[in-house]
Structure formats: C-alpha cells, structure tokens
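Examination of the molecular architecture
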Amino acid sequence: MQTVPVLGLATLQPLGHARLQAFPRGPVPRISVQLQKIRSRPVQLEAKKRGDANVARFLPKDRDNEKAAAEVQQQVPIPPPASVPAAAEGNNYSPEFVRRRLLVFVGIVIGYTTFYLTRGSLTYSAPAMVADSSLGFNLTHIGTMTSIFPMAYGVSKFAAGVLSTGVSPRLLLGLGLMATAAVNLAFGASSTMTVFCVLWGLNGMLQGVGAPACATILTRWFAAKERGTFWGMWNIAHNLGGFLAPVIVGGCAKAFGWRWGMWAPGLIGVVIGLFVLTAVRDKPTDLGYPAVDAPAAGAATAAAKPAEEKEEKGKGGSMMDYLGSVLKLPSIWALAFTYFFIYVVRQVSQLA
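Everything numeric here is computed off the predicted structure, so don't read it as measured data. (Residues numbered from 1 in each chain as written. Predicted model: local features only at pLDDT ≥ 70, side-chain atom pairs only at ≥ 80, totals over all residues. Heavy atoms only, no water.)

1. Description of the confidence of the model for the protein
Here the protein averages 76 in pLDDT, while 64% of its residues score no lower than 70. Averaged pLDDT values over the elements of the protein bottom out at 44 in helix α14 (residues 297-303) and peak at 95 in helix α13 (residues 258-279). Contacts from residues 15-20, a stretch scored under 50 in pLDDT, to residues over four places away or in other chains number zero contacts. Within the model, pLDDT remains below 50 along residues 296-316, and this stretch shows five contacts once partners closer than five positions in the same chain are excluded. (pLDDT = per-residue confidence, 0-100. Helix = DSSP H or I, 4+ residues; strand = E, 2+ residues; numbered from the N terminus. Contact = heavy atoms within 4.5 Å.)

What follows is the structure, encoded as structure tokens:
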C-alpha cells in the first residue's frame, strides 16, 4: 500500500494556487466551483432582468390601457386617403399658378375676340364690294353669301362641342383661328361668286370651334365656385370683337379697298393664332399643376367597378347615350331656340 507524504503549511504557502492543482481531486476543487457560482450569480440576475424587460415589450398591455387607447383613436378623425390634390383648396393658389392661369385666360379672350374679326369681315367689307364695279355685286349677292354662314356655323358649333371633349381644345382654338384667317386671306384674293360662297361656308364651319374650345379650357382651369365670374369676364370677347370688327375691317376696306378689309383680319388671325398656341394649355396638369377641382366621389366609385363593366359600357356607344340624354332635356331646347332667334336679330341688325 502506497503512502502519501504529508507536507506542512510552510511548504504549501510558496507553491501557490498552481501547485495545488497537482493534488488529487478532493474537497478543495468543489469549494472553488461553488465560489465561481456565487461570483457569477449577480451577472445572471442582471441578465435575467434585461431579458424580462425585453419580453415585456412584446407582451399585451393591460385592458384598461387598451380601452383608453381605443377611445383616443375614435376621437381623432382619420383623414380619407387623398387621390389627386386640388390646386383650389379654399382658393389657395400659388402665385406662379395664378400668373400662368391669367396668361391662359388672356389667350382665350384675345383668341375669341379675333374670331369675331374674321367672322364680321364680309359684313363690313360688303359696302366696298358693292361699290366695286369690277365685281358687279348688289345686296342680293351679299345676302346670299351671308345666309350660308349661319347654317354652316350652327352645324360646326354642335360638332365642335362634342369634338372638344376628346381633342385638344388648345389646338382647336389656335389652329381653328389660323384656318379661318387663311379663309379670309383666300376670300380677299378671289373674284367669283361661287368661290365666295364656298369660302364663306367654310369660314362658318371653322368659326364653330372657337366657343366650345374656350368653354372646355375655362372649365379645366377654373374651379366650379369661381367659374361663373371668369365666364362672365370671358364674354367680353363678344363685345370687344363686335367693337373692333367695324373699326378695323371697315377702316381698311374704306381706305385700301374691300380686299384689305378681308386681308387685315386674316393677317391678325394668323398672328393671334400663334400666340394662342404658345400661351394656352388644355389643363393645369399639362404644366405640372394639380387640378383645380378635386375628383368627385363618383369618380372613385366608377374606378372601383370591374373592368368588364367598363368595356361593355364603352362598346355601347357612350357618346350617343350622352347625346340622347341631352336632347331629352326641355331646358336645352328652350335655350337652343332662344339662342337661334338672338342670332337672327343679330344678323338682321348687321345687314340693316
């Protein structure tokens, strides 16, 4: 049996902790393990506290707190989702938008005023044409030419009203003005009754695009609550054109002959037509501005309909449906007949 040498304390002290590890396992290593557990216990407690705090973040709150939060959410109104921002929210227009819209308004006023110059050119050049012995005209010839104009003008105005919703009203206004100006220039260069009648009928067809194009542009640039004011201001184009036509056309016809009574408004129409094409735009969104009217609630409902319903509705000829619904309104017929007799009185007064 092997004996283990016994060492005294004086011998063990200089050896240190490293020498104690060489002894067989016994009670001493157990004590060191327990000491390590005791030392690490505060760290474990701190980690446990942190873990509990992190877990508490994802735990449901108390019922009382949940009820209070629900009541607060009910009291705070949730704004509806915005679709297309409106430029006229309480007429809060930006200065840049106001200036640009004013330019558009001036463009359609001057443009439609010039339509009256090219429209009344024959009326105020007629006395000089009758006085020209080379033509051999009398008042009967003038009456025949001028009677063609209202019929062509009425058909054109009806067609242009439908056309302006699908075609650029800016192009209708600008190019239409330049086209009627070209007709006036061609009329001044002609000398036969047949050509005069054809050209003046064509002028009536071209004159009809002016008013519907201006109306479409007005409705797109001005909100519903302010549209009546600007519509009334736009109507000064009728009076302004009626005032300038006898001054410009009659003055040129008297001073330089009836041909210049047609050429002068024609040249002015070409220049103003180019100005209209440059200054006017169809709608604010073409220049990056928001629409002046917020989209109606029905537009969002219609957008939510299935695509199949839209296709079926489109195949049914929506334009004819709209036309039929308009023609069934008695107020439309009353306004049409009233406007008809207004033009009769206007034409008679001009020829008298």
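2. Description of α13
An ideal rise of 1.5 Å per residue puts 32 Å on 22 residues; α13 measures up with 32 Å between its terminal C-alpha atoms. Packing partners of the buried residues in α13 comprise α5 (95-119), α6 (121-131), α8 (169-188), α9 (193-207) and α12 (236-256). (Expected span 1.5 Å × (residues − 1).)

3. Notes on the packing of α8 against helix α10 (residues 210-221)
Two elements in contact, α8 and α10, have axes separated by 8 Å at closest approach and are oriented at 145°. Relative to α10, α8 is oriented so that their crossing is left-handed. Counting all contacts with α8, which are made through Pro169, Arg170, Leu172 and Leu173, the residues of α10 involved are Gly210, Ala213, Cys214, Thr216, Ile217 and Arg220. Tallied by class, residues from the contact of α8 with α10 come to six nonpolar, two polar and two charged. (Axes fitted to C-alpha atoms, helices over the stretch in contact; angles between N-to-C directions. Left-handed = near helix turned anticlockwise from the far one by under 90°. Nonpolar A, V, L, I, M, F, W, Y, C, P; charged D, E, K, R; others polar.)

4. Observations regarding the nonpolar core
Ranked by internal contacts, the top residues of the largest apolar core, which has 48 residues, are Ile108, Tyr112, Met129, Met145 and Phe187. Those elements that provide at least two residues to this core are α5, α6, α7 (139-163), α8, α9, α10, α11 (224-234) and α13. At eight residues, α5 tops the list of elements feeding residues into this core. What Ile108 contacts, discounting residues up to four positions off in sequence, is Leu173, Cys214, Ile217, Leu218, Trp234 and Val280. (Core = buried A, V, L, I, M, F, W, Y, C linked by side-chain atoms within 4.5 Å. Buried < 20%, exposed > 50% of the residue type's maximum accessible area, 1.4 Å probe, protein only.)

5. Side note on the packing of α5 against α13
Orientation of α5 relative to α13, taken along the N-to-C sense of each, is 160°, at an axis distance of 9 Å. Considering the angle they form, α5 stands roughly antiparallel to α13. In the crossing of α5 with α13, the sense of the turn from one axis to the other is left-handed. Contacts from Arg100, Leu103, Val104, Gly107, Ile110, Gly111, Thr114, Leu117 and Thr118 in α5 reach Pro265, Ile268, Gly269, Ile272, Phe275, Val276, Thr278 and Ala279 in α13. A breakdown of the residues in the contact of α5 with α13 according to their chemical character gives ten nonpolar, six polar and one charged. (Parallel < 35°, antiparallel > 145°, perpendicular 65-115°, else oblique.)

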